Amino acid sequence: MTELRLVIGNKNYSAWSLCPWLMLKMYDIDFDEIKIQLYQDNTAEKLGPFSPSLKVPVLLHKDINVWDSLSICEYINEELIGGAAWPASAKLRACARSVSAEAHSEFLGLKRDWPMNCKASFPLTPSEVLINEIARIDAIWSCCRRKYGENGSYLFGRFSIADCMYAAMAIRFESYGAELSSEANTYMQTLLDNPFVQKWITLGRREKETLSIAYSSTG
Ligand SMILES: N[C@@H](CCC(=O)N[C@@H](CS)C(=O)NCC(=O)O)C(=O)O
């Protein structure tokens, strides 16, 4: 057993679990995975020993447990990789933190109506709310790529926590056929082509458990 364990939900459905999982993989950090099936009668009972919020993801490291995807990414960044997962300049770091927090706290329509489902592949017509949210994400992706992306293919050039926070959005957009500008579309493809995102999708598609696509979640 490694000293690091990540508690996650079903790969097919758990958008928030993907964020720290992708970060650990991208920074080549060894960890054990504890997978707990979501929305079962015994889910809360199984999560109880790990997660005060009774949600995934949770990171267990020595005697510390960290819950909530963005906090976990921050913890990994500080404790395990010396700050490498945010851009080096204060200006870019401020923007990267802002767009990451926005991914975390906003886009409630998309999170509700277009839940991540790695197996899903059918177009959905976005409501007015979703059209606006998609446009905002398109603007974030295009603007970051244009202004800060010259040294790589991610939002701030090289891979950062901001990319972890938008990976599940790329999966949703592909599943349900979001219409994006060409800049945003190129970035979406970068996320989808990332080998670890590919691996997550493949493993998610292999899972047998099925939840109703309309399940209520903020993930
Ligand atoms: N803000 C939390 C949200 C966590 C969350 O909603 N996780 C979902 C799965 S993606 C969950 O555990 N749902 C279980 C439940 O709501 O009972 C984070 O970023 O980690």
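Conventions adopted
Residues numbered from 1 in each chain as written. Predicted model: local features only at pLDDT ≥ 70, side-chain atom pairs only at ≥ 80, totals over all residues. Pairing = 2+ DSSP bridges. Helix = DSSP H or I, 4+ residues; strand = E, 2+ residues; numbered from the N terminus. Axes fitted to C-alpha atoms, helices over the stretch in contact; angles between N-to-C directions. Contact = placed C-beta atoms within 7 Å. Expected span 1.5 Å × (residues − 1). Buried ≥ 20, exposed ≤ 12 C-beta atoms within 10 Å, placed from the backbone. Arc of directions from axis to C-beta. Domains from an automatic or database assignment. Nonpolar A, V, L, I, M, F, W, Y, C, P; charged D, E, K, R; others polar.

## Some points on the sheet that holds strand β3 (residues 58-61)
Pairing within the open sheet is mixed, and its 4 strands lie in the order β2-β1-β3-β4. Only two strands of the sheet have a single neighbouring strand rather than two, namely β2 (32-35) and β4 (64-67). Ignoring strand direction, the axes of neighbouring strands in this sheet form an average angle of 20 degrees. Contacts from helix α1 (residues 15-26) reach β1 (4-8) and β3 within the one sheet, and its direction differs from that of β1 by about 150 degrees. The strands touched by helix α3 (residues 69-80) are β3 and β4; relative to β4, the strand with the most contacts, the crossing angle is about 135 degrees.

## A look at α3
In this model, α3 (12 residues) spans 16 Å end to end at C-alpha, consistent with the 16 Å of a helix rising 1.5 Å per residue. Those residues of α3 that fall on the buried side of the exposure criterion are Ser69, Ile72, Cys73 and Ile76. Here the buried residues of α3 occupy an arc of 100 degrees about the axis, which is enough to place them on one side. Each element contacted by the buried residues of α3 is listed here: α1, β3, β4 and α7 (161-176). A positive backbone phi angle near 55 degrees is found at Gly82, which sits one or two residues after α3.

## Remarks on the domain arrangement of the chain
Domain annotation of the chain identifies domain 1 (4-83) and domain 2 (90-202). The distance between the C-alpha centroids of domain 1 and domain 2 comes to 21 Å. Taken together, the elements giving at least two residues each to the side of domain 1 that touches domain 2 come down to α1 and α3. When residues of the side of domain 1 that touches domain 2 are assigned to their parent elements, the largest contribution, 8 residues, is made by α1. Taken together, the residues of the side of domain 1 that touches domain 2 sort by class into 10 nonpolar, 2 polar and 2 charged.

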